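# Close look at the chain arrangement
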Amino acid sequence: MIRTERLFFALWPEPEQQKAWAAMASELLPAGGGRLVPAANLHMTLLYIGGVGAEQCKALKAMADGISFSPFVLRLDKFGYWRKPRVWWWGASQTPEALHGLVGSLQAGARRCGIGIDPRPYKAHMTLARKVVRAPEQVDIQSCDWAVDHFALLRSVSTPTGVHYEPLQYWSAQQKG
Ligand code: 2AM
């Protein structure tokens, strides 16, 4: 039997950012309104890969080695609630071209590695809480500019106390000029 690991590419914030954003989320979410994502798990998925074996993992890393992208600023300025998956999220009203480009490169590269890609359009979002029964109704939007200069490949690990994510490798943006 081939041993598989659940992988995804993501923008991975610094721990201080994760803590600050988790604190913001816990202030905004009504008590009992849902299950907050722990600070250390906060991230923005670029591409969900799913379960793959060691060979495909190696191929995905080699594919990511070949991706070139410039640093960009992602303005997080929009909160949303998806009723069906009961997810409360934070995201950007404008997705920078550089982010679209990075996601497009990862999707194309993953396809070349034989990975099936979710056909739905990419929606940049950071899940703040799950199983949300009462999302905040009105949020005085505090926008935050996230300076993105790297992305990561993560492994999702399920434990009796919940899921956690282990970074396997990081890739840096290329500064121009
Ligand atoms: P979510 O936050 O909207 O649930 C790790 O599971 C990450 O991959 C999560 O950020 C999750 O997004 C995202 N993801 C996208 N498609 C997924 C899928 N089919 N199964 C699990 N996670 C998925």
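Refer to the structure presented above.
Calculation notes
- Residues numbered from 1 in each chain as written.
- Predicted model: local features only at pLDDT ≥ 70, side-chain atom pairs only at ≥ 80, totals over all residues.
- Heavy atoms only, no water.
- Helix = DSSP H or I, 4+ residues; strand = E, 2+ residues; numbered from the N terminus.
- Expected span 1.5 Å × (residues − 1).
- Buried < 20%, exposed > 50% of the residue type's maximum accessible area, 1.4 Å probe, protein only.
- Arc of directions from axis to C-beta.
- Contact = heavy atoms within 4.5 Å.
- Near = heavy atom within 4 Å.
- Polar contact = N/O pair within 3.5 Å; in protein donor to acceptor, adjacent residues only side chain to side chain.
- Areas by Shrake-Rupley, 256 points an atom, 1.4 Å probe, with all protein chains shown as cover.
- 1 Å grid on protein atoms, 1.4 Å probe; cavity = no way out; pocket = protein on both sides within 12 Å on 5 of 7 lines; lining within 4 Å.
- Sits in = over half its atoms within 2 Å of the grid points.
- Core = buried A, V, L, I, M, F, W, Y, C linked by side-chain atoms within 4.5 Å.

So, on to helix H1 (residues 15-28). Taking 1.5 Å per residue as the helical rise, H1 with its 14 residues ought to reach 20 Å, and the 20 Å between its terminal C-alpha atoms agrees with that figure. When H1 is considered as a whole, its buried residues turn out to be Gln 18, Trp 21, Ala 22, Met 24 and Ala 25. Seen from one end, H1 has its buried residues packed into an arc of 160°, which puts them on one side. Turned more than 90 degrees from where H1 packs its buried face, Glu 16, Lys 19 and Glu 27 sit exposed. If you follow the buried residues of H1, they end up packed against strand E2 (35-36), strand E4 (72-76), strand E5 (78-82), strand E6 (87-91), strand E7 (125-130) and strand E8 (144-148).

Below, the discussion takes up the site of the ligand. Surrounding the ligand, one finds Phe 8, His 43, Thr 45, Tyr 48, His 125, Thr 127, Arg 130 and Tyr 165. In the environment of the ligand, an oxygen atom lies 2.7 Å from a nitrogen or oxygen atom belonging to the side chain of His 43. Between the ligand and Thr 45 there is a distance of 2.6 Å, counted from an oxygen atom to a side-chain nitrogen or oxygen. Out of a free accessible area of 460 Å², the ligand has 64% covered by protein chains. Put simply, the ligand lies in the largest pocket.

Membership of the largest hydrophobic core comes to 49 residues, with the highest contact counts inside it found for Phe 9, Leu 11, Leu 60, Leu 74 and Phe 151. Excluding residues within four positions of it along the chain, Leu 74 makes contact with Leu 11, Met 44, Ala 92, Pro 96, Leu 99, Cys 144, Asp 145, Trp 146 and Val 148. Membership of the second largest hydrophobic core comes to 6 residues, among which are Phe 8, Ala 152, Leu 154 and Tyr 165.

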